[in-house]
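Working through the structure, step by step
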Amino acid sequence: MIDTHCHLDGEEFAEDLEAVVHRAREAGVKAIGVPGIDLKSCETVMALCDRYPGYCFPMLGLHPEEVRSDWREVLNTIYQHLNTSTSIIAIGEVGLDFYWSREFEEAQLQAFEEQVRWSVELQLPLMIHCRKAQNEMVHILKRYKDNLSGGVFHCFTGNELEAQELLQFDRFVLGIGGVLTFKKSKLPETLKEAVPLDRIVLETDAPYMAPVPMRGQRNEPAFVAHVCQKLAEVYSVSEKTVDAVTTANAERVLGIVNKS
């Protein structure tokens with residue numbers, strides 16, 4: 001399995017990082033994608049991935065909730081990192097988030113589009129966060145559709161129509177995590193009806209969004225096995241099949257094998 005989205009550089013893992021990585025390996029996690037969200041995490045993500053080369057893979061970007069009035073200066077620094085490191089596998093975590101506030105709506109739109117342009121220029125995939133902003137996100141992506149190298153729509157929790165709209169970007173996949181296992185989630189039905197397994201990658205979004213039966217605990221990459229297990233149930237296939245297909249998807253879209 002590959003956990004394509006895990007904030008393993010966070011302070012939540014500072015006390016027992018070695019044990020967390022050991023448990024991930026024991027659970028069958030062969031690689032972990034680690035996204036950045038701001039300038040500070042550019043440093044912590046790169047340091048973590050240097051500590052676990054060939055196992056943890058860095059992505060750098062400006063998260064929409066971190067977009068402030070200084071976003072242009074922040075992006076200039078992140079862009080320099082992208083241009084000077086050959087180990088970065090994706091631009092992310094980037095996107096749009098209008099869930100809490102639209103105070104920086106225009107800045108978010110501009111910052112996201114700038115990072116989409118980087119994806120085209122550098123031919124790096126995107127790791128996209130989107131909440132309450134799918135129409136705006138799709139509108140921007142359509143401008144670059146033919147030239148994008150691909151990416152992941154992280155933490156997909158939408159309905160069938162939303163899934164179909166995202167799957168029009170044929171080099172992109174949906175990131176599926178712990179929400180799939182929640183009792184009231186409609187995601188199992190949506191995936192079964194609208195999303196082929198070869199358009200899905202596994203993720204945890206650790207330390208957030210722990211799956212059942214770990215819900216309420218700190219999430220960690222080993223718990224991606226519970227997502228894999230639930231997907232096997234949804235698609236009526238073996239866990240081994242889900243493991244093989246989603247791993248191949250992650251390798252294809254994020255180029256992890258080629259970079260390792």
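In what follows, the accompanying structure is described. (Residues numbered from 1 in each chain as written. Predicted model: local features only at pLDDT ≥ 70, side-chain atom pairs only at ≥ 80, totals over all residues. Heavy atoms only, no water.)

**Some words on the pairing of strand E2 (residues 31-35)**
- Within E2, five of the five residues are buried, leaving the element largely enclosed by the surrounding structure.
- Covered by surrounding structure in E2 are Ala 31, Gly 33 and Pro 35 together with Ile 32 and Val 34, the residues of both alternating faces.
- Across two bridges, the pairing between strand E1 (residues 2-3) and E2 is parallel. Bridge assignment links Ile 2 to a residue of E2, and that residue is Ala 31.
- Bridge count for E2 against strand E3 (residues 56-60) is four bridges, and the pairing is parallel. In the strand pairing of E3, Pro 35 is matched with Met 59.
- Following the chain from E2 across helix H2 (residues 39-51) to the adjacent parallel E3, one finds a crossover that is right-handed. (Buried < 20%, exposed > 50% of the residue type's maximum accessible area, 1.4 Å probe, protein only. Helix = DSSP H or I, 4+ residues; strand = E, 2+ residues; numbered from the N terminus. Pairing = 2+ DSSP bridges. Right-handed = clockwise from strand over helix to strand, strands pointing away.)

**With respect to the pattern of salt bridges**
- Under the definition given, this model contains 16 salt bridges.
- Put simply, Glu 136 and Arg 102 hold a salt bridge, and the shortest N to O gap is 3.8 Å. Separated by 34 residues along the polypeptide, Glu 136 in helix H5 (residues 134-142) and Arg 102 in the loop between strand E4 (90-97) and helix H4 (105-122) bring together distant segments of the chain.
- Under the relative-accessibility criterion, Glu 136 is labelled partly exposed at 25%. (Salt bridge = Lys/Arg side-chain N within 4 Å of Asp/Glu carboxyl O.)

**Focus on unusual backbone geometry**
- Note the cis peptide between Gly 92 and Glu 93, where omega equals 20°.
- On the secondary structure map, Glu 93 appears in strand E4.
- The omega torsion across Ala 206 and Pro 207 is 15°, close enough to zero to call that bond cis.
- Positionally, Pro 207 belongs in the loop between strand E8 (200-202) and helix H8 (224-235).
- Phi angles above zero are rare outside glycine, and Asp 205 is one such case at about 60°.
- Looking at the secondary structure, you find Asp 205 in the loop between E8 and H8.

**Quick look at the sheet that holds strand E6 (residues 151-153)**
- Spatial strand order, E1-E2-E3-E4-E5-E6-E7-E8: eight strands in an open sheet with parallel pairing. Since the sheet does not close on itself, it has two edges, and those belong to E1 and E8, each with one partner.
- For E3 and E4, the ladder comprises two bridges, and the chain directions are parallel. Residue pairing across strands places Met 59 opposite Ala 90, the latter belonging to E4.
- Relative to the sheet, H5 contacts E4, strand E5 (126-131) and E6, its axis offset from that of E5 by approximately 150°.
- In the packing of H8 onto the sheet, the strands contacted are strand E7 (172-176) and E8, and the crossing angle to E8 comes to about 150°. (Contact = heavy atoms within 4.5 Å. Axes fitted to C-alpha atoms, helices over the stretch in contact; angles between N-to-C directions.)

**Description of the packing of aromatic side chains**
- The tally for this structure, following the rule as stated, stands at five aromatic pairs.
- Plain terms: the ring middles of Phe 153 and Phe 172 are 4.9 Å apart, the flat faces sit at 25° to each other, and that makes the pair stacked. Placement of the pair is Phe 153 in strand E6 and Phe 172 in strand E7, with a sequence separation of 19 residues.
- The class for Phe 153 is buried, based on a relative accessible area of 3%.
- Here the guanidinium or amino end of Lys 145 rests over the ring plane of Phe 169, the centre of that ring lying 5.7 Å away. (Phe/Tyr/Trp six-rings, centres within 6.5 Å; stacked < 30°, edge-to-face > 60°. Lys NZ or Arg CZ within 6 Å of the ring centre and 35° of its normal.)

**Some details on empty space enclosed by the protein**
- Taken as a whole and judged by the stated rule, the model has one cavity of 30 Å³ or more.
- The calculated volume of the largest cavity comes to roughly 70 Å³.
- Looking at the largest cavity, it is lined by 14 residues, and the ones nearest its centre are Cys 155, Gly 177, Gly 178, Val 179 and Glu 203. (1 Å grid on protein atoms, 1.4 Å probe; cavity = no way out; pocket = protein on both sides within 12 Å on 5 of 7 lines; lining within 4 Å. Points joined across faces, edges and corners; volume = space filled by probe spheres on them.)

**A closer look at the side chain of His 5**
- The residue His 5 is located in the loop between E1 and helix H1 (17-27) in this model.
- Of the residues examined, His 5 reaches a relative accessible area of 0% and is grouped as buried.
- A polar atom in the side chain of His 5 sits 3.4 Å from the side chain of His 154.
- Those residues within four positions of His 5 in sequence are excluded, and the remaining contacts are Gly 33, Pro 35, Glu 93, Met 127, His 154, Glu 203, Thr 204, Asp 205 and Ala 206. (Polar contact = N/O pair within 3.5 Å; in protein donor to acceptor, adjacent residues only side chain to side chain.)

**Examining the packing of helix H7 (residues 187-194) against H8**
- Put simply, H7 and H8 touch, their axes get as near as 9 Å, and they point 55° apart. With respect to their mutual orientation, H7 and H8 come out oblique. For the element pair H7 and H8, the recorded crossing hand is right-handed. On H8, the residues that touch Pro 188, Leu 191 and Lys 192 of H7 are Lys 230, Leu 231, Val 234 and Tyr 235.
- Residues belonging to the contact of H7 with H8 are distributed by class as follows: five nonpolar, no polar and two charged. (Parallel < 35°, antiparallel > 145°, perpendicular 65-115°, else oblique. Left-handed = near helix turned anticlockwise from the far one by under 90°. Nonpolar A, V, L, I, M, F, W, Y, C, P; charged D, E, K, R; others polar.)

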